[in-house]
Each structure stands twice: as C-alpha cells, then as structure tokens.
Amino acid sequence: LANTHRSNWTTFPTPRWQYACSDSGYTDSKISLKWLKHIFDPETKKRTNKKPRVLICDGFGTHETLEILEFCFENNILLYRLPSYTSHKLQPCVCSTQGRLSRPG
C-alpha cells in the first residue's frame, strides 16, 4: 500500500490500467466510488443488455457507502457482500472460474 504511485512499479506497458492513491495509502470510499463509476459500470453495462449485474465485494466498509449503494440501485447493480473475514475462504471468482487454471493436471 502506498499514497503515491511510482512508475517503476510496473515494468511493462499497461494500457488502460488505472491507478489510484489515497492520503492514507489504503483504499477509501472515494476510490471505491470512482472505480465503480468509471471502471466497473462502463465495462459491464455494455455487455449485459440492461440485465442486472452482480458485484461481489468483501465486508470492507468503503464498499458500502450511501453513494455507492445509491449508484448500484440506480444502475441495476446487485451488490453482494461476503461476510467479514471470510473472503480468503470463499473467494468465489477463484473457486469457480480461475480454480481450474491453478489446479495441476
């Protein structure tokens, strides 16, 4: 975690990658909302034909501000929150989609 981004953190070109920094060095509600509005929403909206989208997040408080909840409601995004301190066990994306890639054989 850091409060500045250094160009030497990436050793190859990263087109379309987005970086954000906060004063504390940790994610905050402003970064979460910006990511939701400028990354998640446009990248998923165009693929769903107005169907609901599901966003799975951990129990970290910056994911559940009133602004984020309102944005999700207004844009047909279903925010699913994993119970606190369980994301390392549940990890739905790794278990279901990437799990096959990480298993031998």
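As annotated in an unreviewed UniProt entry, the protein carries the name CENP-B protein and is attributed to Amniculicola lignicola CBS 123094.

Enquirer: Can you help me understand the side chain of Thr48 in this one?
Expert: Position of Thr48 relative to the elements: it lies in helix α1 (residues 29-48). At a separation of 3.2 Å, a polar atom in the side chain of Thr48 contacts the main-chain carbonyl oxygen of Lys45.

Enquirer: Teacher, can you tell me more about the pattern of salt bridges here?
Expert: In a structure, side chains of opposite charge can pair up when their charged atoms sit close to one another. What the rule picks out here adds up to three salt bridges. Between Lys45 and Asp41 there is a salt bridge, with the nearest N and O atoms lying 3.4 Å from each other. You can see Lys45 and its partner Asp41 sitting in helix α1, four residues apart, about one turn around the helix. Exposure remark for Lys45: the relative accessible area of 39% places this residue in the partly exposed category. Classification of Asp41 by relative accessible area gives buried; the value is 7%. Between Arg47 and Glu43 there is a salt bridge, with its nearest N and O atoms 3.8 Å apart. One end of the pair, Arg47, and the other, Glu43, are both in helix α1, four residues apart, so they sit about a helical turn from each other. Classification of Arg47 as exposed rests on a relative accessible area of 65%. For Glu43, a relative accessible area of 24% translates into the label partly exposed. Bridged by salt links that share partners, the residues Asp41, Lys45 and Arg53 form one connected network.

Enquirer: Honestly, helix α2 (residues 66-74) in this entry has me stumped. Any pointers?
Expert: Residues that lie three or four places apart on an α-helix share one face, since the helix turns once every 3.6 residues. Along α2, the residues that are buried comprise Ile68, Phe71 and Cys72. One side of α2 holds all its buried residues, which, seen down the axis, span an arc of 100°. α2 presents Leu66, Phe73 and Glu74 as exposed residues on the side facing more than 90 degrees away from its buried surface. On its buried side, α2 packs onto α1 and β2 (77-81). Once α2 finishes, Asn76 follows within two positions and takes phi at roughly 60°, a positive value.

Enquirer: Please clarify how a nonpolar patch on the surface should be interpreted in this entry.
Expert: On the surface, Val54, Ile56, Leu78 and Tyr80 cluster together to form a nonpolar patch covering roughly 380 Å² of accessible area. Listed by contribution, the elements that provide at least two residues to the nonpolar patch are β1 (53-57) and β2. Residue position: Leu78 is located in strand β2. Looking at Leu78, the relative accessible area reads 47%, which means it is partly exposed.

Rules used throughout
- Residues numbered from 1 in each chain as written.
- Predicted model: local features only at pLDDT ≥ 70, side-chain atom pairs only at ≥ 80, totals over all residues.
- Heavy atoms only, no water.
- Helix = DSSP H or I, 4+ residues; strand = E, 2+ residues; numbered from the N terminus.
- Polar contact = N/O pair within 3.5 Å; in protein donor to acceptor, adjacent residues only side chain to side chain.
- Salt bridge = Lys/Arg side-chain N within 4 Å of Asp/Glu carboxyl O.
- Buried < 20%, exposed > 50% of the residue type's maximum accessible area, 1.4 Å probe, protein only.
- Arc of directions from axis to C-beta.
- Contact = heavy atoms within 4.5 Å.
- Patch = residues over 30% accessible without salt bridge, like charges linked within 9 Å, V, L, I, M, F, W, Y side chains within 5 Å.
- Areas by Shrake-Rupley, 256 points an atom, 1.4 Å probe, with all protein chains shown as cover.

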